[in-house]
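Next come the chains, spelled out residue by residue.
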Amino acid sequence: MAIIHNTTLKPTKLELLTAWLPTRPWYAGSGTPELTKAGGFRLDDPEGEVGIEFMVAVDSSGPEPVAYLAPLTYRAAPLPGAEHALVGTMEHGVLGPRWAYDGLHDPVLRTELLALFEGRTQAMAQSISDTPDHDVTHSYTGPGLSAGPVEVTEDQDGTGFALPDGTVLRLHRRPRPTAPEGATGQVSGVWDAPDGTRARGVFVSLRTP
């Protein structure tokens, strides 16, 4: 079970994302984003070592607000071989130094995401300890999913990777209203829209060979 500490972070997660988002090929803005935390959820690391968060942040810098999905992992030490995926470092008021990574490059997040697709783990509330998030829904129809070494790719639409059996996962950095045609699984969630309503979209989709 992940323990949520009500404490300080320096810099904050949003400050890290403000600097990092414009470096991504799927960032739709043209300048520095103006971010607001709008929602998301967490997954528990069974070993209790890695924090796993799927954060939705809304950028209000352009003509229309844009919601971005940032899966992040938080570690007490650098993840070997993942220097290219480092979003930044923070000082946590309770836990001390934390290394924040773009989570799809972290094998712990990928393993727990597959478990969520299969219903073997539960999405947890983003800011409350030991509380399931029932707004996060998942579906999958197919054989068992096995994690392993993958190559993560990015383009203007989002981030993806293929499992050893050819199954392809796609993280929609700008959550979509519905899953792509041919998807055999999806994870969906909600966030707060700037107009005060609750928006829902597909965060991750999966396609089996």
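Further up the page is the structure itself.
Residues numbered from 1 in each chain as written. Predicted model: local features only at pLDDT ≥ 70, side-chain atom pairs only at ≥ 80, totals over all residues. Heavy atoms only, no water.

Visitor: Quick one: what's the story with the packing of aromatic side chains, residue by residue and with numbers?
Guide: With the rule as written, the count across this model stands at six aromatic pairs. An angle of 65 degrees between the planes, with centres 5.7 Å apart, marks the rings of Trp20 and Trp26 as edge-to-face. Here the aromatic rings of Phe41 and Phe203 are separated by 6.2 Å at their centres, their planes lie at 10 degrees, and the arrangement is stacked. Here Phe41, found in strand S2 (residues 35-43), pairs with Phe203, found in strand S12 (residues 198-207); they are 162 residues apart in sequence, far enough to count as distant. Phe203 shares its class with Phe41; the two are buried. Of note, Arg110 hangs over the ring of Phe161, and the distance from its end group to the ring centre comes to 5.9 Å. (Phe/Tyr/Trp six-rings, centres within 6.5 Å; stacked < 30°, edge-to-face > 60°. Helix = DSSP H or I, 4+ residues; strand = E, 2+ residues; numbered from the N terminus. Buried < 20%, exposed > 50% of the residue type's maximum accessible area, 1.4 Å probe, protein only. Lys NZ or Arg CZ within 6 Å of the ring centre and 35° of its normal.)

Visitor: So, the pairing of strand S4 (residues 66-75): which residues are in play, and what are the values?
Guide: The element S4 is extensively covered by neighbouring structure, given that nine of its 10 residues are classed as buried. Pairing of strand S3 (residues 51-59) with S4 involves nine bridges; the strand directions are antiparallel. Residue pairing in the sheet places Ala57 in a bridge with Tyr68 of S4. Between the antiparallel neighbours S3 and S4 lie six residues. (Pairing = 2+ DSSP bridges.)

Visitor: Residue-level account of helix H2 (residues 107-118), with values.
Guide: For H2, spanning 12 residues, the distance from its first C-alpha to its last is 17 Å, which sits close to the expected 16 Å at 1.5 Å a residue. Taken across its 12 residues, H2 has nine buried, putting it largely inside the fold. Within the sequence span of H2, burial applies to Val108, Leu109, Arg110, Glu112, Leu113, Leu114, Ala115, Leu116 and Phe117. Near the N-terminus of H2, the side chain that reaches the backbone nitrogen of Val108, with its oxygen 3.0 Å away, is that of Asp106. Following H2 by one or two positions, Gly119 has its phi on the positive side, about 80 degrees. (Expected span 1.5 Å × (residues − 1). Polar contact = N/O pair within 3.5 Å; in protein donor to acceptor, adjacent residues only side chain to side chain.)

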